[in-house]
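Overview (structure and organization)
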Amino acid sequence: MRASVPNRGRFITLEGPDGAGKSTQAQLVADTLRAHGKEVVTTREPGGTAVGNRLRQVLLDPQTPLQPTTETLLMFAARAEHVAHVIEPALAAGRWVVCDRFTDSTFAYQGDGRGIAKGAIETLAAFTHAHCWPDLTLCLDVPPATAAGRMQERTLDGFEREDDGFYRRVREGFLKQAAREARIVVIDGSSALEVVSKAVQHAVETFIRRTEAA
Ligand code: TYD
């Protein structure tokens with residue numbers, strides 16, 4: 001959110017339910033930025049640092065389900081390390097950061113999915129990264145049935161074993177946030193890969209033009 005600081009990089013996040021194809025599109029976002037001469041750091045949550053990756057293992061372990069409160073606090077603990085050691089330094093050095101998931105996921109998964117109060121998540125977000133919010137968020141939207149079909153092909157982590165009701169709430173949570181926040185662009189992730197990729201590229205190029213005109 002300090003995008004007006006000269007030479008500061010921009011922070012772009014990818015969001016959406018599991019099985020939306022975020023990882024493929026995160027790579028495309030980074031390639032598009034590099035083609036426009038930007039220096040890019042790609043990263044993901046939970047994770048992105050040594051401690052963050054250890055917390056990721058705890059968070060995604062299907063053998064050790066956590067209390068929703070614990071899960072929320074650990075997401076923010078990993079995020080605090082990530083913001084301090086990776087995201088902020090990169091942005092301050094003029095690099096563009098492409099991050100696969102950030103606090104919008106906590107609102108959707110822990111908030112809408114698990115029932116943690118939105119106000120508690122807002123407080124933790126302000127405590128953890130008050131001055132570091134994404135400048136652009138691409139939310140890949142897929143209906144739960146499409147997501148479930150795509151996930152059948154891989155080994156499932158703790159979150160990916162949740163029931164349909166959980167996924168419906170998570171998806172609706174993302175769409176509600178997108179309706180509230182102008183920085184979030186919703187892209188239909190259920191179309192053919194080339195169609196989704198074109199929409200992602202268009203959104204990124206539109207954003208680059210906007211930053212250059214500012
Ligand atoms: P992700 O790395 O996107 O999963 P995958 O590698 O399987 O594509 O995210 C891991 C899981 O963590 C995903 O199910 C969503 C969940 N998550 C939350 O519940 N809250 C959060 O704040 C974040 C960042 C992720």
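That block above? That's the structure.
Okay, so let's go over this structure. These numbers come from a predicted model, not from an experiment.

1. Examining the site of the ligand
- Around the ligand, a shell composed of 17 residues is seen, among which D18, R101, T106, Q110 and E160 lie nearest.
- One of the side-chain nitrogen or oxygen atoms of D18 is found 2.8 Å away from an oxygen atom of the ligand.
- With respect to the ligand, the side chain of K22 contributes an N or O atom lying 2.9 Å from an oxygen atom.
- Contact with the protein chains covers 91% of the free accessible surface of the ligand, which is 550 Å².
- It is helix 4 (residues 103–113) that provides the largest number of residues to the shell around the ligand, a total of four residues.
- Of the residues that constitute the shell around the ligand, the class distribution is five nonpolar, three polar and nine charged.

2. Comments concerning unusual backbone geometry
- Cis geometry marks the peptide bond from E45 to P46; its omega dihedral reads -10 degrees.
- For P46, the position within the fold is in the loop between strand 2 (40–44) and helix 2 (50–60).

3. Notes on the nonpolar core
- Ranked by size, the top nonpolar core spans 22 residues in total, and within it V29, L33, L138 and V200 carry the most contacts.
- For this core, the secondary structure elements donating two or more residues are strand 1 (11–15), helix 1 (22–35), strand 3 (96–100), strand 4 (136–141) and helix 8 (193–213).
- No other element matches helix 8, which puts six residues into this core.
- Apart from the residues lying within four places of it in its own chain, the contact partners of L33 are I12, K38, V40, W96, V98, V204 and I208.
- Grouped together as the second largest cluster of nonpolar side chains are 16 residues, L74, A78, C139 and F174 included.

Calculation rules
- Residues numbered from 1 in each chain as written.
- Predicted model: local features only at pLDDT ≥ 70, side-chain atom pairs only at ≥ 80, totals over all residues.
- Heavy atoms only, no water.
- Near = heavy atom within 4 Å.
- Polar contact = N/O pair within 3.5 Å; in protein donor to acceptor, adjacent residues only side chain to side chain.
- Areas by Shrake-Rupley, 256 points an atom, 1.4 Å probe, with all protein chains shown as cover.
- Helix = DSSP H or I, 4+ residues; strand = E, 2+ residues; numbered from the N terminus.
- Nonpolar A, V, L, I, M, F, W, Y, C, P; charged D, E, K, R; others polar.
- Core = buried A, V, L, I, M, F, W, Y, C linked by side-chain atoms within 4.5 Å.
- Buried < 20%, exposed > 50% of the residue type's maximum accessible area, 1.4 Å probe, protein only.
- Contact = heavy atoms within 4.5 Å.

Treat this as a map of the structure, not an account of what it does.
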